[in-house]
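Here's the letter readout for the chains.
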Amino acid sequence: MKKVEIQSVGGPEVLRLVDAELEAPGPGMVRVANRAIGLNYIDTYHRSGLYPLPLPTGIGLEGAGVVEAIGDGVDLAVGDRVAYCAAGFGAYSEAINLPAERLVAIPEGIDFDTAAAVLLKGATVEYLIQRTYALTAGEQTLFPAAAGGVGLIFGQWAAALGAELIGTVSSEAKRELALANGYTHCFLSDEPDLVAKVREITGGKMLPVVYDGVGAATFTDSLDCLAPRGLMVSFGNASGSPPPFDLQQLAARGSLYITRPSLMAYVASKEEMRASAAAVFDRVLDGRIKVTIAQRYPLAEVQRAHAELEARRTVGSSLLLP
Ligand code: NDP
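Residues numbered from 1 in each chain as written. Predicted model: local features only at pLDDT ≥ 70, side-chain atom pairs only at ≥ 80, totals over all residues. Heavy atoms only, no water.

For the protein chain, an unreviewed UniProt entry supplies the name NADPH:quinone reductase and the organism Congregibacter litoralis KT71. UniProt, in its Catalytic activity (unreviewed entry) section for the protein chain, records the words "2 a quinone + NADPH + H(+) = 2 a 1,4-benzosemiquinone + NADP(+)". Word for word, the UniProt comment on the protein chain under Sequence similarities (unreviewed entry) is "Belongs to the zinc-containing alcohol dehydrogenase family. Quinone oxidoreductase subfamily." (UniProt positions renumbered as here; feature names shortened; annotations may be inferred.)

In structure tokens:
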């Protein structure tokens, strides 16, 4: 079978499609034949070395497909439709062996492409909105990179709760997409005075919470948009890691809180993974979340997929197709 491997860290050129053997799944393990693979920004951190992995390594955290073989003690059957995220590295492949307890069943009515486009990003939105800070109706919040994969799902989920959303994006086309996906306000990231605009929108109160996945480029503005005792959720680094940070800055802005969460810690148990997936899939099935799959790449074009994601040329979710 074919899989993508990296032998060293670097730019998209280190992603190599190679032939590999996959052993029979051991006890508690399942071989999944991937039908669709989710592309996530975190994959670029693994490839670049920002988040180091032992090398050589497979890459990719999310996929959807069919159970092809099972090990002992597994209560799944060959042919079952399953999806996974944060289950192990190596999703960029035709097939992968994974622990059965990390797999979730794909409900009827959801196809493989949709499952692979929504599971990791949707589970991220689930924990950000429900468990990191429980956003409620009438609350206002800021989400930079509003037209991205996580951003479009966040917009729909939070708007359905009755929250009022302010987004930022890098182009007019992305702005239109964000406004069509739950954001009430959306500004171009190179426009000046975001903080003043947020002050005006909130009538001077500023925000109880900001969800910032962009990192270095937006970190200070995001802090400045918070109300006293507000929560900064810094959950990503698309523009680079935020700079070293003096805790006094939290006091100076009125006793702010800050958290740097990661999905893995919120779906660590089988029960959490399944509950989070169910919350995501339920919203897809009842139409509260529509999944925008704007880019599809053959697995062999994985280098181009990474280059376009990092060049900010994508919107919504991207898939690799084995
Ligand atoms: P996106 O589809 O949102 O792509 C990243 C977006 O970031 C770009 O489209 C771009 O939007 C924006 N961006 C701003 N500055 C830059 C820059 N200098 N270089 C590249 N992009 C930039 O990716 P995902 O939906 O996969 O992920 C969004 C964020 O969420 C990432 O930071 C990711 O790491 C994080 N994440 C964190 C998780 C966690 O548990 N902590 C889990 C899942 C995702 P624009 O052009 O509009 O500025």
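Asker: Give me the lowdown on the pairing of strand E12 (residues 207-212), citing residues and values where you can.
Answerer: Within E12, 5 of the 6 residues are buried, leaving the element largely enclosed by the surrounding structure. Across 2 bridges, the pairing between strand E9 (residues 140-144) and E12 is parallel. Pairing of threonine 141 across the sheet is with valine 209, part of E12. Inspection of the sheet shows E12 paired to strand E13 (residues 226-234) by 5 bridges, in the parallel sense. Across the sheet, the residue bridging to valine 210 is methionine 232, located in E13. In this fold, the crossover linking E12 to E13 by way of helix H6 (residues 219-224) has right-handed handedness. (Buried < 20%, exposed > 50% of the residue type's maximum accessible area, 1.4 Å probe, protein only. Helix = DSSP H or I, 4+ residues; strand = E, 2+ residues; numbered from the N terminus. Pairing = 2+ DSSP bridges. Right-handed = clockwise from strand over helix to strand, strands pointing away.)

Asker: Lay out helix H3 (residues 149-161) in plain terms, naming residues and giving numbers.
Answerer: Compared with an ideal rise of 1.5 Å per residue, which puts 13 residues at 18 Å, H3 spans 19 Å between its outermost C-alpha atoms and is within 8% of the ideal. Taking burial as the measure, the 13 residues of H3 include 10 buried ones, the bulk of the element. By the burial criterion, the buried members of H3 are Gly149, Val150, Gly151, Leu152, Ile153, Phe154, Gly155, Gln156, Trp157 and Ala158. Immediately downstream of H3, the backbone of glycine 162 shows phi near 95°, a positive value. (Expected span 1.5 Å × (residues − 1).)

Asker: Account for helix H10 (residues 302-310), with residues named and values stated.
Answerer: Along H10, the residues that are buried comprise Val302, Ala305, His306, Glu308 and Leu309. The arc enclosing the buried residues of H10, seen along the axis, measures out at 165°, which places them on a common side. Those residues of H10 that are buried are in contact with strand E1 (2-6), strand E3 (29-39), helix H1 (41-48), strand E15 (293-298) and strand E16 (317-321). Where H10 terminates, the next one or two residues include arginine 312, which has phi positive at roughly 65°. (Arc of directions from axis to C-beta. Contact = heavy atoms within 4.5 Å.)

Asker: Tell me what's going on with the site of the ligand, and back it up with residues and numbers.
Answerer: In the vicinity of the ligand lie 27 residues, with Tyr127, Ser170, Lys174, Gly213 and Leu263 positioned nearest. Interatomic distance of 2.6 Å between a backbone N/O atom of glycine 213 and an oxygen atom of the ligand. With the chains in place, 90% of the 910 Å² that the ligand exposes on its own is no longer accessible. Within the residue set of the shell around the ligand, elements represented by two or more residues are H1, helix H2 (112-132), H3 and H10. For the shell around the ligand, the class distribution of residues is 13 nonpolar, 10 polar and 4 charged. Counting only domains with at least three residues in the shell around the ligand, you end up with domain 1 (2-119 + 269-321) and domain 2 (137-260). (Near = heavy atom within 4 Å. Polar contact = N/O pair within 3.5 Å; in protein donor to acceptor, adjacent residues only side chain to side chain. Areas by Shrake-Rupley, 256 points an atom, 1.4 Å probe, with all protein chains shown as cover. Nonpolar A, V, L, I, M, F, W, Y, C, P; charged D, E, K, R; others polar. Domains from an automatic or database assignment.)

Asker: How would you sum up the UniProt feature "domain: Enoyl reductase (ER)" (unreviewed entry) in the protein chain? Please name residues and give values.
Answerer: Taking the numbering used here, the UniProt-annotated feature "domain: Enoyl reductase (ER)" (unreviewed entry) corresponds to residues 10-320. In the segment residues 10-320, helix accounts for 32% and strand for 26%; the C-alpha atoms at its two ends are 20 Å apart.

Asker: Mind laying out the packing of H1 against H10, listing which residues take part and the relevant values?
Answerer: Taken N-terminus to C-terminus, the directions of H1 and H10 make an angle of 110°; their axes are 10 Å apart at the nearest point. The angle between H1 and H10 falls in the class roughly perpendicular. Packed against H1, whose contacting residues are Tyr41, Asp43, Thr44 and Arg47, the element H10 presents His306, Leu309 and Glu310 at the interface. Of the residues belonging to the contact of H1 with H10, the class tally is 2 nonpolar, 2 polar and 3 charged. (Axes fitted to C-alpha atoms, helices over the stretch in contact; angles between N-to-C directions. Parallel < 35°, antiparallel > 145°, perpendicular 65-115°, else oblique.)

Asker: Please provide a residue-by-residue account of the nonpolar core, values included.
Answerer: Counting residues in each nonpolar core, the largest one holds 57 residues, and the members touching the most others are Leu135, Phe154 and Tyr211. If one sorts the elements of this core by residue count, H2 sits on top with 12 residues. Here this core spans two domains, and each of domain 1 (2-119 + 269-321) and domain 2 (137-260) adds at least three residues to it. Discounting residues that sit within four places of it in the chain, phenylalanine 154 has contacts with Val125, Ile129, Leu135, Thr141, Phe143, Leu165, Tyr183 and Tyr211. Listed in part, the 26 residues of the second largest apolar core include Val14, Tyr92, Leu103 and Tyr297. (Core = buried A, V, L, I, M, F, W, Y, C linked by side-chain atoms within 4.5 Å.)

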